[in-house]
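Per-entry structural report
Each chain is listed here by its residues.
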Amino acid sequence: QLSSLRVLQLESNTVSVHGLKVLVNEGLAHSRRLESLVVWDHGAVTPRQQVAWLELEEKMQHYLLLNQAGRHVLYFDGHEKAANQNDTTDNSKRKTIPAYLWPFILEQADEIYGTEALYHFLNKRPDVILASEQPQKPVVGSPLKLLSLSNSPKSVMETNYF
């Protein structure tokens, strides 16, 4: 598992339409960090293959933009609808994202990918809306690192809160 891979360039390789389909549906759909993927369409020879390639590129772009918008924070504190069955992590030891930070996270997601990101984020984490109604006390002394996304969707820098 390459959980920290952010850029993958395959432009020198010939990838078939089937290969791209597997890459997008089995790899990129589950990757939360990959923000840039470059693939040339040399494997799409016939008009039908070219149409299929374009559809896969749209799907690929959707996942990449979600990742640039910070999709990984949806799973930061153990909330995952499609949980990995092999994950034996003790959720009680995971740090949680305080409710007062979610408006900033959602604002950044909106700036990068708009309503598509907001829909995806709130669909995966409806608890964020409910948590915002409850008073939150910041945990003093525990650093929380979130990704602060700059104006450029591909540049990411860590910011410490607290």
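Above this text sits the structure in question.
These lines cover the structure that appears in this document, whether it is placed above or below.

Calculation rules
- Residues numbered from 1 in each chain as written.
- Predicted model: local features only at pLDDT ≥ 70, side-chain atom pairs only at ≥ 80, totals over all residues.
- Heavy atoms only, no water.
- Helix = DSSP H or I, 4+ residues; strand = E, 2+ residues; numbered from the N terminus.
- Buried < 20%, exposed > 50% of the residue type's maximum accessible area, 1.4 Å probe, protein only.
- Contact = heavy atoms within 4.5 Å.
- Core = buried A, V, L, I, M, F, W, Y, C linked by side-chain atoms within 4.5 Å.

A few words now on the environment of methionine 60. Among the structural elements, methionine 60 can be located in helix 2 (residues 47–68). Exposure remark for methionine 60: the relative accessible area of 7% places this residue in the buried category. In sequence terms methionine 60 and leucine 28 are 32 residues apart; their C-alpha atoms lie 7.1 Å from each other. Those residues within four positions of methionine 60 in sequence are excluded, and the remaining contacts are Leu20, Val24, Leu28 and Leu37.

Within the largest apolar cluster, 17 residues are counted, with the highest numbers of intra-cluster contacts made by Ala69, Trp102, Tyr113, Ala117 and Phe121. Contributions of two or more residues to this core are made by helix 2, helix 3 (102–113) and helix 4 (115–124). With six residues, helix 3 is the largest single contributor of residues to this core. For alanine 117, the residues in contact, after removing those within four places along its chain, are Leu66, Ala69 and Ala109. Ala29, Val39, Met60 and Leu64 belong to the second-largest nonpolar core, a separate cluster that totals 15 residues.

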